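# Survey of secondary and tertiary structure
So the chains spell out like this:
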Amino acid sequence: MPLRNVVLTEPQEELLDSLVKSGRYQDASEVLGEGLRLVERREAEDADKLQALQAAARAGVSALDRGEFKDFDTVENLENYLNGLSDEIVASAANSHSDA
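Residues numbered from 1 in each chain as written. Predicted model: local features only at pLDDT ≥ 70, side-chain atom pairs only at ≥ 80, totals over all residues. Heavy atoms only, no water.

Turning our attention to the overall build of the protein chain. Within the protein chain, the secondary structure is distributed over three helices and zero strands. Written out in order from the N terminus, the α and β elements of the protein chain read α-α-α. Its C-alpha atoms give the protein chain a radius of gyration of 24 Å, more than 25% over the compact-globule value 13 Å for 100 residues. Projecting the C-alpha coordinates of the protein chain onto the three principal axes gives extents of approximately 60 × 35 × 30 Å. The buried share among the 100 residues of the protein chain stands at 5%. Carbon together with sulfur atoms contributes 54% to the accessible area of the protein chain, which is approximately 8,900 Å² in total. Across the protein chain, the mean location of the 10 positive side-chain charges is 7 Å away from that of the 21 negative side-chain charges. (Helix = DSSP H or I, 4+ residues; strand = E, 2+ residues; numbered from the N terminus. Rg over C-alpha atoms; globule rule 2.2 N^0.38 Å. Buried < 20%, exposed > 50% of the residue type's maximum accessible area, 1.4 Å probe, protein only. Areas by Shrake-Rupley, 256 points an atom, 1.4 Å probe, with all protein chains shown as cover. Lys, Arg positive; Asp, Glu negative; His and termini not counted. Charge placed at Lys NZ, Arg CZ, Asp CG, Glu CD.)

See below:
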C-alpha cells in the first residue's frame, strides 16, 4: 500500500485523534479511509444529480420547442399555479400511501 504524507490543520488532527481514541477507528488510516469513502459517495451523488438536472433541462427545452408551456401575467398567478400542482402531488402521494 502506498504511503502518503498528509498535512492536517490542528482542528482536523484533534478530530482524527478523538475518533481514534473513541475506539470507533483503530488508527488514523481508518479515519481517513472512511473520509475518502464519504467523499467518493458524495461525488457519485453529485454526478447523479447533475445527470438528472441535465435530463430535466433537456426535457424542458424540448417542451418549449414543442410549444408546451404556460404564460403567467403575474407572479401571483404563477404561485397559485405552482401551489395547485403541489397540492395535487401531495394528494396523489397521500392516496397512493393509503392504498398500500
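On the surface, Glu 10, Glu 13, Glu 14 and Asp 17 cluster together into a negatively charged patch. Following the sequence through the fold, Asp 17 ends up in helix α1 (residues 10–21). You can call Asp 17 partly exposed: its relative accessible area is 32%. (Patch = residues over 30% accessible without salt bridge, like charges linked within 9 Å, V, L, I, M, F, W, Y side chains within 5 Å. Salt bridge = Lys/Arg side-chain N within 4 Å of Asp/Glu carboxyl O.)

What follows concerns the environment of Pro 2. Turning to its location among the elements, Pro 2 is positioned in the segment before α1. For the pair Pro 2 and Phe 69, spaced 67 residues apart in the sequence, the C-alpha separation amounts to 56 Å.

Another aspect to go through is α1. In a regular helix each residue adds 1.5 Å, so twelve residues correspond to 16 Å; α1 covers 16 Å between its end C-alpha atoms and thus fits that length. One or two steps after α1, the chain reaches Gly 23, where phi turns positive at roughly 90°. (Expected span 1.5 Å × (residues − 1).)

One can describe the packing of α1 onto helix α2 (residues 28–65) by two numbers: an axis separation of 9 Å at closest approach and a directional angle of 110°. What the angle tells us is that α1 and α2 run roughly perpendicular. α1 and α2 meet at a crossing whose hand is right-handed. Across from Leu 16, Leu 19 and Val 20 in α1, the residues of α2 making contact are Ala 28, Val 31 and Leu 32. In the contact of α1 with α2, the residues fall into six nonpolar, no polar and no charged. (Axes fitted to C-alpha atoms, helices over the stretch in contact; angles between N-to-C directions. Parallel < 35°, antiparallel > 145°, perpendicular 65-115°, else oblique. Left-handed = near helix turned anticlockwise from the far one by under 90°. Contact = heavy atoms within 4.5 Å. Nonpolar A, V, L, I, M, F, W, Y, C, P; charged D, E, K, R; others polar.)

Remember that the coordinates give geometry; whether it matters functionally is a separate question.
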